[in-house]
Amino acid sequence: MVQMTYRDALRQALRDAMAEDDRVFVIGEEVGRYGGAYGVTKGLIEEFGSDRLMDTPISEAAIVGAAVGAAMAGLKPVAELMYVDFIGMTMDQLGNQAAKIRYMFGGQIGVPMVLRTQGGTGRSAGAQHSQSLEAYVLHTPGLRLAMPATVADAYHLLRGALRQPDPVVFIEHKALYTLKEEVDLSAPVPDWGKAAIRRKGDDLVIVTYSRQVHNALKAAEELAARGIEATVIDLRTLNPLDFDTIRAEVERVGRAMVVSEGVMTAGVAAELSARISEECFDFLHDPVVRVAGEDIPISVSVALEAASVPTTALVRETAERLVA
Amino acid sequence: MTQTAMQAAPEATPRPNSDLRALYTQMRRVRTFEERVGELFVRGQSAGSMLHLSIGEESAAVGVCAAMREGDTFTTHHRGHGIFLARGADPNRMMAEIGGKETGYCHGKGGSMHIADMGLGHLGANAIVGGGIPAVVGAGIASKRAGKGDISVAFFGDGAMQQGILYESMNMAALWDLPVLFVCINNQYGMGTRIDQATKGHELHLRARAFGLRGETVDGLDVTEVRETAQDLVDAARTGQPGFLAVDCYRFFGHARMDKSPYRKEEEEALGRQKDPVLHARAALIGAGVTEDELDGVDNDIAREMDAAIDFAVASQEPQLASMFRDVYGPDEPEPEPVRTRIDRVLARE
């Protein structure tokens with residue numbers, strides 16, 4: 001067992017993948033000399049050189065497009081998008097190129113690349129640096145989507161992403177980089193695409209991912225003190241989606257809520273809620289409830305920012321009312 | 001499109017306030033404001049740490065803005081405090097916005113990187129590199145139609161020189177003879193990447209010329225030179241000849257407030273900081289017979305003005321939580337429904 005941060009685990013995953021396979025390289029803004037805007041790639045340029053940590057100009061569309069071409073040409077690129085908010089500038093390369101190449105070309109070739117990025121609130125970074133845009137990705141067939149919540153998952157999911165035959169968008173949470181946990185990197189690697197049940201209870205199921213896993217676990221502890229036991233499912237990857245785990249727990253318990261930092265309308269929580277409602281209908285005692293981000297942009301004001309996304313209090317209160 | 005719309009434009013803007021003293025005063029205001037923004041952060045009163053200071057770049061903001069006039073519009077990048085101040089912004093409301101307060105220009109929703117004021121022609125600062133550039137093409141179309149001779153100016157950094165949107169925008173501006181000016185404040189760094197690590201083509205103005213724009217590069221050390229070069233381009237833009245101006249300067253400090261710029265050597269910084277447009281203008285004024293005392297008086301007045309801006313920001317209130325749902329859509333439209341209300345309805349079904 002070793003204590004490390006989410007940031008360190010991501011760096012270790014990149015280091016191990018690069019040491020193992022010289023086709024793996026990192027390309028993006030400030031990934032080399034600077035060490036990444038959030039310090040994830042710090043020091044890797046000294047170990048692997050500037051050919052494998054390629055600092056780019058501020059040209060997001062070309063960064064992603066170059067990764068697509070490199071993947072088609074046999075390399076294993078890890079492109080970095082400094083903020084997920086910049087995904088709009090890359091959306092053609094990601095959505096029209098990376099996601100569709102295998103299918104359009106009749107299965108001749110895939111695009112095994114990873115697009116690492118980070119999103120979410122927590123730094124008063126304003127409307128263009130604080131969003132949770134995973135729904136853009138989930139809405140595009142052909143793209144895989146991983147969103148680690150724990151330090152161990154930061155490592156294992158990134159290693160797993162690099163073993164996929166198809167493009168994986170890997171969204172970290174900016175508020176988790178300093179999260180420190182005990183991890184055993186030699187422990188059996190969890191199956192790619194399998195959700196984790198972080199806590200088991202008989203009163204309701206909370207389905208969530210990324211930073212909201214921690215909010216949900218905290219809420220679950222507070223609920224336990226009031227006699228309510230919640231199951232908390234950390235999805236780990238949203239595509240592939242482990243609906244079997246969700247179904248089994250919801251059918252066992254009979255109540256579900258979905259928690260997501262992304263905006264409520266047409267978001268990830270909407271998809272999960274619809275699917276649980278449709279497929280587990282006969283087992284549900286109550287409607288599925290969504291606790292999600294408000295349908296508004298994120299303000300720079302500390303107070304407004306904090307109120308724009310689910311809080312532990314809102315998760316707990318909603319769960320109490322659902323179970324009551 | 002024809003040139004008719006532009007014929008009402010004056011031949012050249014008169015040049016009031018072109019004296020160095022006024023330019024010095026504006027530059028000192030920008031520098032002192034930026035220093036106070038740094039203090040606001042240290043005091044824990046800024047909203048976040050994403051504060052990008054323009055210290056060292058004052059001549060670009062002040063020199064170009066002095067060539068503009070009322071009615072002109074502009075957009076800026078994320079390092080745009082100085083430009084907005086030089087276009088007449090109220091430092092109190094700016095500082096309050098940077099503190100995320102209700103009294104700020106955008107009621108605490110925008111912050112340092114998204115400050116705007118339509119009254120002063122500020123179509124908005126931007127946190128996306130290059131994000132504000134194409135808007136001046138549209139504003140240029142509107143100006144051309146209105147025929148009043150107003151122009152629209154895009155301010156951005158050298159980082160944006162490697163964004164495709166700049167080239168799409170310059171091409172359209174040239175194609176349609178728009179009253180538009182593109183101003184690249186070349187402070188040598190896009191975040192931690194020095195410009196020679198981002199491009200091999202350093203004569204930035206030649207790129208604009210390739211699209212049919214007038215293109216110039218000016219040394220930002222001398223604000224008078226910046227102002228004069230800008231004035232020529234601004235006057236040409238008013239007649240439908242779009243232009244591009246690169247102002248060479250040096251970013252004295254890190255990318256944002258937390259960045260201690262470990263990626264560059266202290267000797268380089270020391271050398272770069274010698275290229276100080278504020279001190280250069282001050283020396284020129286003294287050479288022309290202005291006394292140190294007089295200039296100290298100017299500086300002290302500005303220090304008081306900017307101290308008051310901090311006090312105003314600190315004393316201002318946070319926005320009301322209910323304001324969160326305001327302005328997502330137009331003023332007569334319903335506001336988005338809060339998540340809590342939606343949850344209430346779901347749970348009330350029982």
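Residues numbered from 1 in each chain as written. Chains lettered and ligands numbered in written order. Predicted model: local features only at pLDDT ≥ 70, side-chain atom pairs only at ≥ 80, totals over all residues. Heavy atoms only, no water.

How do you make sense of the overall build of chain A when you look at a structure like this?
For chain A, the helix and strand inventory stands at twelve helices and 14 strands. Residue burial in chain A is summarised as follows: out of 324 residues, 60% are buried. A separation threshold of at least 6 residues defines the contact pool for chain A, and within that pool the share at least 24 residues apart is 82%. Counting only carbon and sulfur atoms, one obtains 52% of the accessible surface of chain A, whose full area is about 11600 Å². Between the averaged position of the 32 positive side-chain charges in chain A and that of its 44 negative side-chain charges there is a distance of 2 Å. (Helix = DSSP H or I, 4+ residues; strand = E, 2+ residues; numbered from the N terminus. Buried < 20%, exposed > 50% of the residue type's maximum accessible area, 1.4 Å probe, protein only. Contact = heavy atoms within 4.5 Å. Areas by Shrake-Rupley, 256 points an atom, 1.4 Å probe, with all protein chains shown as cover. Lys, Arg positive; Asp, Glu negative; His and termini not counted. Charge placed at Lys NZ, Arg CZ, Asp CG, Glu CD.)

Whenever I open this one, the overall build of chain B confuses me. Can you help?
For chain B, the helix and strand inventory stands at twelve helices and seven strands. The C-alpha radius of gyration of chain B comes to 21 Å, within 12% of the 20 Å expected for a compact globule of 350 residues. With the C-alpha coordinates of chain B rotated into their principal frame, the extents come out at 80 × 55 × 40 Å. Element-wise, carbon and sulfur atoms account for 52% of the exposed surface of chain B, whose accessible area totals about 14400 Å². (Rg over C-alpha atoms; globule rule 2.2 N^0.38 Å.)

Can you help me understand the sheet that holds strand 6 (residues 144-146) of chain A in this one?
Residues and elements named next belong to chain A. Strand order in the open sheet formed by seven strands is 3-2-4-5-7-6-12, with mixed pairing between adjacent strands. If you trace the sheet from one side to the other, it starts and ends with strand 3 (53-55) and strand 12 (237-239), each paired once. Across the sheet, the mean angle separating the axes of adjacent strands is 20° when strand polarity is ignored. Sheet analysis places strand 6 next to strand 7 (residues 168-173), joined by three bridges and oriented parallel. Note on strand 7: the bridge partner recorded for Arg-144 is Val-168. Sitting on the sheet, helix 7 (residues 151-161) is in contact with strand 5 (114-119), strand 7 and strand 12, with an inclination near 165° to strand 7. (Pairing = 2+ DSSP bridges. Axes fitted to C-alpha atoms, helices over the stretch in contact; angles between N-to-C directions.)

Mind showing me how you'd approach the interface of chain B and chain A here?
How big an interface is tends to be expressed through the accessible area that disappears when the partners come together. If you look at the interface, chain B gives 47 residues, while chain A gives 50 residues. Counting each side, the surface lost to burial between chain B and chain A is near 3900 Å², with a carbon and sulfur contribution of 61%. The largest share of the area that chain B buries against chain A comes from Met-191, Met-324 and Val-339 of chain B, three residues that together contribute 15% of it. Inspection of the chain B/chain A interface yields three salt bridges. Here Asp-344 of chain B ties to Arg-321 of chain A by a salt bridge, and the two come within 2.7 Å at their closest N and O atoms. Where chain B packs against chain A, one counts 17 residue pairs in polar contact (both at pLDDT 80 or more). Considering each element in turn, the side of chain B that touches chain A owes the most residues, seven residues, to helix 12 (residues 339-348) of chain B. In the side of chain B that touches chain A, the residues fall into 20 nonpolar, 17 polar and ten charged. (Buried area = accessible area lost by both parts, 1.4 Å probe. Salt bridge = Lys/Arg side-chain N within 4 Å of Asp/Glu carboxyl O. Polar contact = N/O pair within 3.5 Å; in protein donor to acceptor, adjacent residues only side chain to side chain. Nonpolar A, V, L, I, M, F, W, Y, C, P; charged D, E, K, R; others polar.)

What exactly am I supposed to notice about the side chain of Asp-234 of chain A here?
All names here are of chain A. Mapping Asp-234 onto the fold places it in strand 11 (residues 230-234). Overall, the relative accessible area of 0% leaves Asp-234 in the buried class. If sequence neighbours within four positions are ignored, Asp-234 has contacts with Ala-149, Thr-150, Asp-153, Ala-195, Ala-196, Arg-198, Thr-208, Tyr-209 and Val-213.

Sorry if this is basic, but what is going on with the environment of Val-68 of chain A here?
Residues and elements named next belong to chain A. Examined against the element boundaries, Val-68 turns out to sit in helix 3 (residues 60-72). Among the residues examined, Val-68 registers a relative accessible area of 4% and is labelled buried. Contacts of Val-68, omitting those with residues within four sequence positions, involve Gln-93, Ala-98, Ile-101, Val-111 and Met-113.

In this structure, what is going on with the packing of aromatic side chains? I would like to understand it.
In this description, a pair of aromatic rings is defined by centroid distance and the angle of the planes. A complete count under the given rule lists ten aromatic pairs over all chains for this structure. For the ring pair Tyr-83 of chain A and Phe-86 of chain A, a centre distance of 5.5 Å and an interplane angle of 45° mean the geometry is tilted. There is no split in this pair, since Tyr-83 of chain A and Phe-86 of chain A are both buried. When the centroid spacing of 6.3 Å and the interplanar angle of 85° are considered together, the rings of Phe-74 of chain B and Phe-155 of chain B count as edge-to-face. Of the two residues, Phe-74 of chain B sits in strand 1 (residues 73-75) while Phe-155 of chain B sits in strand 2 (residues 152-157), which places them 81 residues apart along the sequence. Phe-155 of chain B matches Phe-74 of chain B in its accessibility class, with the two residues each being buried. Its end group placed over the ring of Phe-243 of chain A, Arg-275 of chain A keeps NZ or CZ at 4.4 Å from the ring centre. (Phe/Tyr/Trp six-rings, centres within 6.5 Å; stacked < 30°, edge-to-face > 60°. Lys NZ or Arg CZ within 6 Å of the ring centre and 35° of its normal.)

Would you mind showing me how to read the pairing of strand 6 (residues 214-219) of chain B here?
Residues and elements named next belong to chain B. Pairing of strand 6 with strand 7 (residues 243-248) involves six bridges; the strand directions are parallel. Each bridged residue has a counterpart across the sheet, and for Arg-214 the counterpart in strand 7 is Gly-243. Between the parallel elements strand 6 and strand 7, the chain passes through helix 8 (residues 223-238) in a crossover that is right-handed. (Right-handed = clockwise from strand over helix to strand, strands pointing away.)

Would you mind going over the domain arrangement of chain A with me for this structure?
Residues and elements named next belong to chain A. Each assigned domain of chain A is listed with its residue range as follows: domain 1 (2-183) and domain 2 (196-323). Each of domain 1 and domain 2 was reduced to a C-alpha centroid, and the two centroids are 26 Å apart. Taken together, the contacts link 28 residues of domain 1 with 25 residues of domain 2. For the pair domain 1 and domain 2, the two sides together bury roughly 2100 Å², of which 55% comes from carbon and sulfur. Summed over the shared surface of domain 1 and domain 2, the number is two salt bridges. Linking domain 1 with domain 2 are 18 residue pairs in polar contact (both at pLDDT 80 or more). At the level of elements, helix 6 (134-138), strand 6 and helix 7 are the ones that each hand at least two residues to the side of domain 1 that touches domain 2. (Domains from an automatic or database assignment.)

Looking at this model, I keep getting lost on the pairing of strand 7 of chain A. Mind explaining?
Residues and elements named next belong to chain A. Counted residue by residue, strand 7 has six buried out of six residues, so it is predominantly covered. Of the two faces of strand 7, the one holding Val-168, Phe-170 and Glu-172 and the one holding Val-169, Ile-171 and His-173 are both buried throughout. In terms of strand pairing, strand 5 meets strand 7 through six bridges, oriented parallel. Following the sheet pairing, Leu-115 is matched in strand 7 by Val-169. As for the winding sense of the linkage, the β-α-β connection from strand 6 through helix 7 to strand 7 is right-handed.

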